[in-house]
Amino acid sequence: MTNSEIADNLKLTANLLELLDDNPFKIKSLLNASFKVDKLEADLDTLSHQEIEKVEGIGKSIAAKINELIQTGTTAELQELFTKVPIGVIQMMDVKGIGPKKVAMLWKNLGIESPGELLYACNENRLVELKGFGEKTQTAIKKNIEFSLSNQGKYLYAEIEEEAENILSQLQKKYPQEQFSYIGAFRRKNEIIEGLEILTTKTDLDVNEVEFNVPIVLEIKVSTPQGFGSDLFKLSSSVEFLNAFEAKHGAVENNVSEEEIFANNKLSYIMPSLREHATALNMAEKGNINAIVELKDISGIFHVHTKFSDGASTIKDMAAAVQAKGMHYIGITDHSRSAFYANGLTAERVLQQHKEIDELNKSFAPFKIFKGIESDILNDGSLDYEEDILKQFDFVIASVHSVLKMDIEKATNRLIKAIENPYTTMLGHMTGRLLLSREGYPLHTQKIIEACAANNVIIELNANPYRLDIDWRLIIACLEKGVQISINPDAHSIAGLNDVKYGIYAAQKGLLTKEMCFNAKALDNIEAHFKKTL
Ligand SMILES: [Zn+2]
Ligand SMILES: [Zn+2]
């Protein structure tokens, strides 16, 4: 059992005890221990009972529970608690915005025993009268339940990528004579996927032949060798794109390959990820489709965390990894001082890091390591250091990490103030969203884009597959205003650098050109830009 699973079980025990109004001291010590275990470096399941007892904040009785968890996967106490609390009530604790105290009230005073019942009670306006709740809380709870219900059966692209490859290669190996291809949202590399669709020439394929590693909805569509290309094209395009294509070029039928369709119409091949809007077709007709950014165009990487804050590797190792990809520069951006939970850098440690970068640059040249920071945007919109520190960075990414609950006016004004700060070079993960788990704060996006244009601020497309923030649907508006986009992995490890590819897929949907992609630029252009802006 991992430390984080042990921590979860201790926390669950504490929450269930709180639901049942048990001894507050016992609850508190369980919560403390859970927190400690989660942060612990040594794996508890490699320690002896005596060693566990000696870990600070754990003590005799909790050490015994941990031991029981490691030995049996659960505890007698948890099993007993489960008999007292209905499963639906436990699930209610997962609804954002309500802790065990509020769940206990809903359960005991209103008899609500599941998230579904809770949603119903919100719709009936029954929470308003309850002590400690009120209209605002009710609206928030309702929104959170609806959000999690609407996300059931959905996956992030990155979550199912490997499984999709597993399924396709199984089929290809088993029936080498037949054709197989992804179609639909997965082939277009959409950020969220509801299931996997595969087109094949094999007529009597049974889904049960496939061995799954991940439970996922698989849909098989059947085509013919003569019409495989047409079906592939039609089933991989968005409705808007297909309608625009057929309106101009006639119905797509009887093509053996997609390449044939494009060649017949004297068009360059349009990658599936681009087949969202009619605009991609217009670009192809004008011969401009090759201007869209591709992974091979990326020249350097910004937004990289290191051991200085919450990253897993050293500056040197991250830089070497980027260099090994054939790229020419890296921009180090650890967290700023207010992000204390992420070991954010004090002014003193900033200077220490700069010294280290200066040294490394000597040996890495002509590869360049830029001195950056991911500065928190404070609640009032200001950046996280005084001017004498800010001016020492080559560039600054400004991001919101705390107080994410804001109305649209507050959020817009807070961001605009940061954008107007002369030291801000890039706006990080614009809305703070986490796909399928957290909606971002609301923004007047057009105003934000215009402020970036007016202040020469680059907008980040955060390439972490959970974020993909700025949303690709807003990229056209950025391009219209002349705002450049930087595709940043927000890497916390060497493996995290590879997330850039997810950013590329999203950027392609937004029709980002190589020319407007900041980190597709050559090193001397980047240096010139930083000199001009700081
Ligand atoms: Zn961040
Ligand atoms: Zn970051």
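Conventions we followed
- Residues numbered from 1 in each chain as written.
- Chains lettered and ligands numbered in written order.
- Predicted model: local features only at pLDDT ≥ 70, side-chain atom pairs only at ≥ 80, totals over all residues.
- Heavy atoms only, no water.
- Pairing = 2+ DSSP bridges.
- Helix = DSSP H or I, 4+ residues; strand = E, 2+ residues; numbered from the N terminus.
- Contact = heavy atoms within 4.5 Å.
- Axes fitted to C-alpha atoms, helices over the stretch in contact; angles between N-to-C directions.
- Donors = N, O, S within 2.8 Å, 3.2 Å for Na, K, Ca; no water.
- Buried < 20%, exposed > 50% of the residue type's maximum accessible area, 1.4 Å probe, protein only.
- Phe/Tyr/Trp six-rings, centres within 6.5 Å; stacked < 30°, edge-to-face > 60°.
- Disulfide = S-S within 2.5 Å.
- Tetrahedral: all angles 85-135°; square planar, octahedral: opposite > 155°, others 65-115°.
- Arc of directions from axis to C-beta.

Draft legend 1. Here's a closer look at the sheet that holds strand E12 (residues 485-488). Taking strand neighbours across the sheet as the criterion, the seven strands line up as E6-E7-E8-E9-E10-E11-E12 in an open arrangement whose pairing is parallel. Whereas interior strands pair on both sides, the edge strands pair on one side only; in this sheet they are strand E6 (300-304) and E12. Alignment of strand E11 (residues 458-462) against E12, held across four bridges, turns out to be parallel. If you follow leucine 461 over to E12, its bridge partner there is isoleucine 487. Lying over the sheet, helix H22 (residues 500-509) contacts E6, E11 and E12, oriented at roughly 145° with respect to E12.

Draft legend 2. How the structure looks around the coordination of the zinc ion (ligand 1). Here the zinc ion (ligand 1) is held by the protein donor atoms Glu374 (OE), His401 (NE2) and His429 (NE2), which lie 2.1 to 2.2 Å from it. Counting along the primary sequence, the residues that act as donors to the zinc ion (ligand 1) give the motif E-x26-H-x27-H. Separating the zinc ion (ligand 1) from the zinc ion (ligand 2) is a distance of 3.3 Å, and glutamate 374 supplies a donor atom to each of them. Here glutamate 374 is found in strand E8 (residues 368-376), whereas its partner histidine 429 is found in the loop between strand E10 (426-427) and helix H20 (445-454), with 55 residues between them in sequence. Exposure remark for glutamate 374: the relative accessible area of 1% places this residue in the buried category.

Draft legend 3. Region of interest: helix H12 (residues 228-235). Taken as a whole, H12 has its buried residues at Phe228, Gly229, Ser230, Leu232 and Phe233. Where H12 is buried, its residues meet strand E2 (180-183), helix H11 (184-187), strand E4 (196-200), helix H13 (239-249) and helix H14 (258-264).

Draft legend 4. Inspection of the sheet that holds E4 at higher detail. Across the sheet, three strands lie side by side as E2-E4-E5; this open sheet has mixed pairing. Edge positions in the open sheet fall to E2 and strand E5 (218-222), since each of these has one partner strand only. Taking each pair of neighbouring strands and ignoring which way they run, the sheet shows an average axis angle of 30°. Direction of pairing for E4 relative to E5: parallel, over a ladder of five bridges.

Draft legend 5. Spotlight on the packing of aromatic side chains. Across all of its chains, the model carries 23 aromatic pairs by this definition. Between phenylalanine 518 and phenylalanine 530, the aromatic rings sit 5.9 Å apart at their centres with planes inclined by 45°, giving tilted as the arrangement. With phenylalanine 518 in the loop between H22 and helix H23 (523-533) and phenylalanine 530 in helix H23, this residue pair connects regions lying 12 residues apart in the sequence. Each member of the pair phenylalanine 518 and phenylalanine 530 is classed as buried. Here the aromatic cluster, defined as three or more aromatic residues joined through ring pairs, consists of Phe302, Tyr329, Phe370, Phe395, Phe518 and Phe530.

Draft legend 6. Structural context of the state of the cysteines. Under the counting rule described, the total for this entry stands at zero disulfides. Distance from the sulfur of cysteine 478, which forms no disulfide, to the nearest cysteine sulfur (cysteine 452) is 7.5 Å.

Draft legend 7. Structural context of the coordination of the zinc ion (ligand 2). Of the protein atoms, only His303 (NE2), His305 (NE2), Glu374 (OE) and Asp490 (OD) coordinate the zinc ion (ligand 2), at distances of 2.1 to 2.2 Å. One can describe the donor arrangement at the zinc ion (ligand 2) as irregular, given that its four donor atoms subtend angles of 81 to 168° at the metal. The sequence pattern describing where the donors of the zinc ion (ligand 2) fall on their chain is H-x1-H-x68-E-x115-D.

Draft legend 8. A look at helix H7 (residues 100-110). Here H7 has its buried residues at Pro100, Val103, Ala104, Leu106 and Trp107. One face of H7 carries all of its buried residues, which in axial projection span an arc of 165°. Lining the buried residues of H7 we find helix H1 (3-19), helix H5 (76-84), helix H6 (87-92) and helix H8 (115-123). Following H7 by one or two positions, glycine 111 has its phi on the positive side, about 70°.

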